[in-house]
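What follows is the residue order along each chain.
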Amino acid sequence: MTADKSKSSNGSTLYKPIDLTMKRYRYNPTALLEVLNSAQQALGFLSEEVLQYVSESMNVPLSRVYGVATFYHMFTFKPKGEHNCVICTGTACHVKGTDHIVKAVSETFGINDGETTPEGKLSFNTARCLGSCGLAPVVVIDGEVSAKQTPESVVNKIKKIACSGEMKGCEEDE
Amino acid sequence: MNKTRLEELGKNELDRQKQFTHRIFGCSSTACVSAGARSTLEILHLAVKASCCTEDEVEVVNTGCMGLCSRGPLVRIETAGEEPVLYGDVTPEIALKIVARHLPVDAADADKDCKELGEEEAAELFEIREELIKSVGVEDLDEHVISLDIPFFTRQEKVVLSNTGYTDPEKLEDYLAHGGYQALIKVLEEYTPEQVCKEILDSGLRGRGGAGFPTGLKWDLTRKQQAEHKYVIVNGDEGDPGAYMDRTVMEDDPHRVLEGMIIAAYAVGADHGYLYIRGEYPVAVDRINQAIRDARRRKILGRSVLGTDFSFTAEVRIGAGAFVCGEETALMHSVEGKRGAPRMRPPYPAESGIFGYPTNINNVETMANIPSIILRGADWFAAIGTEKSKGTKVFALAGQLRQTGLIEVPMGITLRDIVFEIGDGIPGGKAFKAAQTGGPSGGCIPEQFLDEPVDYENLKRLGSIMGSGGLVIIDETTRMPEFARFFMDFCVDESCGKCVPCRIGTVQIRNLLDKIIHGNGTLEDLEKLDKLCPIVQKSSLCGLGQSAPNPVISTLKYFRHEYEELIQVPETEET
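The sections below set out a description of the structure shown in this document. (Residues numbered from 1 in each chain as written. Chains lettered and ligands numbered in written order. Predicted model: local features only at pLDDT ≥ 70, side-chain atom pairs only at ≥ 80, totals over all residues. Heavy atoms only, no water.)

Examining the overall build of chain B
- A tally of helices and strands in chain B yields 25 helices and 14 strands.
- Its C-alpha radius of gyration of 26 Å places chain B within 12% of the 25 Å reference for a compact globule of 575 residues.
- Once the C-alpha set of chain B is aligned to its principal axes, its extents read approximately 90 × 65 × 45 Å.
- Buried positions account for 60% of the 575 residues belonging to chain B.
- Considering only residue pairs separated by 6 or more positions, chain B has 73% of its internal contacts joining residues 24 or more positions apart.
- Accessible area of chain B: about 22,300 Å², with a carbon and sulfur share of 48%. (Helix = DSSP H or I, 4+ residues; strand = E, 2+ residues; numbered from the N terminus. Rg over C-alpha atoms; globule rule 2.2 N^0.38 Å. Buried < 20%, exposed > 50% of the residue type's maximum accessible area, 1.4 Å probe, protein only. Contact = heavy atoms within 4.5 Å. Areas by Shrake-Rupley, 256 points an atom, 1.4 Å probe, with all protein chains shown as cover.)

What about the packing of helix α9 (residues 193-203) of chain B against helix α10 (residues 215-224) of chain B?
Residue and element names in this part refer to chain B.
- With their axes 7 Å apart at the nearest point, α9 and α10 run at an angle of 155° to one another. As far as their axial angle goes, α10 and α9 are roughly antiparallel. Remark: the crossing between α9 and α10 carries left-handed chirality. Across the interface between the two elements, Pro 193, Glu 194, Val 196, Cys 197, Ile 200 and Leu 201 from α9 touch Thr 215, Gly 216, Leu 217, Trp 219, Asp 220 and Arg 223 from α10.
- Residue classes in the contact of α9 with α10 are distributed as seven nonpolar, two polar and three charged. (Axes fitted to C-alpha atoms, helices over the stretch in contact; angles between N-to-C directions. Parallel < 35°, antiparallel > 145°, perpendicular 65-115°, else oblique. Left-handed = near helix turned anticlockwise from the far one by under 90°. Nonpolar A, V, L, I, M, F, W, Y, C, P; charged D, E, K, R; others polar.)

Quick look at the packing of helix α11 (residues 245-252) of chain B against helix α15 (residues 364-376) of chain B
All names here are of chain B.
- Orientation of α11 relative to α15, taken along the N-to-C sense of each, is 50°, at an axis distance of 9 Å. Relative to α15, the element α11 is oriented oblique. Handedness of the crossing formed by α11 with α15: left-handed. Contact with α11, carried on its side by Asp 246, Val 249 and Met 250, involves Val 364, Glu 365 and Ala 368 of α15 and no other residues of that element.
- Of the residues contributing to the contact of α11 with α15, the split by class is four nonpolar, no polar and two charged.

Concerning the sheet that holds strand β2 (residues 58-63) of chain B
All names here are of chain B.
- The mixed open sheet is built from five strands, whose spatial order is β2-β1-β3-β4-β5. Either end of the sheet is taken by a strand with one partner, and the two such strands are β2 and β5 (145-146).
- Two strands pair when backbone bridges link them, and strand β1 (residues 22-27) and strand β3 (residues 75-79) are joined in this way by five bridges, in the antiparallel orientation. Counterpart to Gly 26 in the pairing with β3 is Val 75. (Pairing = 2+ DSSP bridges.)

A few points about the pattern of salt bridges
- Going through the model one piece at a time under the given rule, you end up with 43 salt bridges over all chains.
- With a shortest N-O distance of 3.8 Å, Arg 317 of chain B and Glu 34 of chain A are connected by a salt bridge. Residue Arg 317 of chain B is located in strand β8 (residues 313-318), and its partner Glu 34 of chain A is located in helix α4 (residues 32-43); the two belong to separate chains. There is no split in this pair, since Arg 317 of chain B and Glu 34 of chain A are both buried.
- Of the charged contacts in the structure, one is a salt bridge between Arg 155 of chain B and Glu 421 of chain B, with a shortest N-O distance of 3.4 Å. Placement of the pair is Arg 155 of chain B in the loop between α6 (151-154) and α7 (172-177) and Glu 421 of chain B in helix α17 (residues 415-422), with a sequence separation of 266 residues.
- A residue is classified by how much of its surface remains accessible, and Arg 155 of chain B, at 30% relative accessible area, is partly exposed.
- We classify Glu 421 of chain B as partly exposed; its relative accessible area is 33%. (Salt bridge = Lys/Arg side-chain N within 4 Å of Asp/Glu carboxyl O.)

Remarks on the interface of chain A and chain B
- Facing the 36 residues of chain A at the interface are 53 residues of chain B.
- Interface of chain A and chain B: buried area, both sides summed, is about 3,300 Å²; carbon and sulfur atoms make up 58% of it.
- At the boundary of chain A and chain B, one finds three salt bridges.
- Linking chain A with chain B are 21 residue pairs in polar contact (both at pLDDT 80 or more).
- Broken down by element, the side of chain A that touches chain B gets its largest block of residues, five residues, from helix α6 (residues 62-71) of chain A. (Buried area = accessible area lost by both parts, 1.4 Å probe. Polar contact = N/O pair within 3.5 Å; in protein donor to acceptor, adjacent residues only side chain to side chain.)

Some points on the state of the cysteines
Residue and element names in this part refer to chain A.
- Using the criterion set out here, one finds one disulfide over all chains in the structure.
- The disulfide partner of Cys 163 is Cys 170, and the gap between their sulfur atoms is 1.9 Å. One quick way to see it: the torsion about the S-S bond of Cys 163 and Cys 170 is about -90°, and its sign makes the bridge left-handed.
- On the basis of relative accessibility, which here comes to 26%, the residue Cys 163 falls in the partly exposed class. (Disulfide = S-S within 2.5 Å.)

What to know about the packing of aromatic side chains
Residues and elements named next belong to chain B.
- Scanning the entire structure with this criterion turns up 18 aromatic pairs over all chains.
- Taking the centre distance of 5.1 Å and the plane angle of 65° together, the rings of Phe 486 and Phe 487 count as edge-to-face. No difference in accessibility class separates Phe 486 from Phe 487, as the two residues are buried.
- The structure contains a cluster of three or more aromatic residues connected by ring pairs, namely Tyr 231, Tyr 274, Phe 355 and Tyr 357.
- Lying across the ring of Tyr 166, Arg 76 places its NZ or CZ 4.2 Å from the centre. (Phe/Tyr/Trp six-rings, centres within 6.5 Å; stacked < 30°, edge-to-face > 60°. Lys NZ or Arg CZ within 6 Å of the ring centre and 35° of its normal.)

Describing the sheet that holds strand β10 (residues 392-399) of chain B
Residue and element names in this part refer to chain B.
- Pairing is mixed in the open sheet, where five strands are placed in the order β11-β10-β14-β12-β13. Two strands in the sheet have a free side with no partner beyond their single neighbour: β11 (405-410) and β13 (443-446). Between one strand axis and the next, the sheet turns through 30° on average, direction left out of account.
- Sheet analysis places β10 next to strand β14 (residues 470-475), joined by four bridges and oriented parallel. Within the sheet, the bridge partner assigned to Leu 397 lies in β14 and is Leu 471.
- In the packing of α11 onto the sheet, contacts are made with β10, β11 and β14, and the angle to β10 comes to roughly 115°.

Some details on α4 of chain A
- For α4 of chain A, spanning twelve residues, the distance from its first C-alpha to its last is 16 Å, which sits close to the expected 16 Å at 1.5 Å a residue.
- Most of α4 of chain A sits inside the fold, with nine of its twelve residues counted as buried.
- All of the buried residues in α4 of chain A are Leu 32, Leu 33, Glu 34, Val 35, Leu 36, Asn 37, Ser 38, Ala 39 and Gln 40 of chain A.
- Each element contacted by the buried residues of α4 of chain A is listed here: α3 (16-24), α5 (48-58) and α6 of chain A together with β8 and α14 (328-335) of chain B.
- Phi turns positive, to about 90°, at Gly 44 of chain A, one or two residues after α4 of chain A. (Expected span 1.5 Å × (residues − 1).)

Written as structure tokens, this is what we have:
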């Protein structure tokens, strides 16, 4: 019911990529991951409505859609912040001191791994391995990969792009 | 048969490449891109345009990984009749100097008109030309030239990576020009499926995903099954932190993976295949998809492959970030659109895999070995390596080393050679402490075993595993209990929760490690670890749990004193 509403109102264009993916796989339940993936790409996260929509369209029980979505790390259920910082915590980065970067970012901006600042400016995640181990430690800010980072360089980079008045960690710059 | 057409395409491409006096290869692999390769490549393309060379004299190729990732962005210049020159740390400014040094940039030709270009582009080119002319003769590039005679390059033996860094991965013709799909043609013309399995078995190739099961045997098991459908899967769910071999092969030589897969399908009698690629590797997904499209257009994939009566289709499935999906039964569940939880074996995938049909699963690197084995023969392959481990292995060499990057070495090379020759030793005057192989499923190998040859059996004997190829070197500054906890944290997160020993055991091990690291541990806790680790190893359902305690066991074995130092001295000893 809620799903139907979203379909007819705000969903008509937003859900289009999801419809296309489902059509491409002929609503085959084996393509559930592909469909969820395109949903996340289209909306930025998986809302309750979209899970219900997928469940009804593909004729897969909601419990299974939810079960699959929560199993995989790549799916998120909360909207992302305006800017996104991903810190690699793979082995090579770990050995080269990525822990200090994680600590610096979460202390400076007051958010933990997987969280977004209250005003929605910055999201921060850690990643298992970005596969650029030769250049550790690696950090990705808004899709841009930076190599051989330090706590200071990362914090400064974030301040430069994401800082706004009310955000924690930005005070001393004002 | 379309075979002659393929050969013609390859030959034409080779002729086309030979006409250039200069070919400039810019590494566009992920590591170099993180180091800024995109702007380097952009300026290279512009600079060549701005030089006085015509388009049929010079070509800039965006190519795959050249190996020495720590010196990225890398650029190599091949000039007809000269030795190739490799440059490292190539910023856009350095790229201009390289062009100024190698290409005939002529000051007299400074006004070469740019009429055909738009105004903005012409102005930009003009600026670049000015820069180029200024650089001629004064370029100081000595510290950027990387000798190709250093052990990093000479000690390697390239099979799987033979094309990466030399071809354009997005171009089927370039793969054909380097002998691509010749193995497939040979197999379709000369071999029965049974003969293919035998050839691979004779070569001694073992699974490169880590467990080391003989590939030929696996294929033969699937081949013998009678079924309406059979499937082939390429496992590209490279989840080990510190490993990026499979990503590089998929990104930089996608057709090689595809060719190996099609040969596997012919050998086992499969009609459809999946390439399961980690979601964190969008470039690999794009390149493989592109390769599938190009192969389909040339009738290398699809109904009646190259005009024979063998048909095979392939598609990509994207993983969504679950380490356990590297396990074959979990991976199959994921391909079916379910939670990626493993199941009991038997039945093995060869008997009952995807949708209940016989399925053959191989790792990316395993598949990438196949074309070379078919073309050069099982005997050639079997001559490389040790008695039980044949061929080469690709390692992602990382950690506290002077030179890190992607290497391919013959099996049986010693760790010492890898660390001190290829990796050029530990920087900053620090001492080597351990080599960690196999990621969270592997262990730490201490200094006294540096001269042991690297092969499946030896690494296992030393308490580690070959794994998929992550090789992280740590120096004296890393404390082992914390290093072990790092891996346990990973396993706690990644445990799928299906079986108790793994779900609860990993958490208990982590808690014990935490207690010890925070200085609250007792000798009894150490004993608990000694007991608990083997229990988790023996009673877990799948490879994840069975190998999760390895980092703890191996560090307890070789670096026990570091744990003991953290444990408060009992009162009796204080007096």
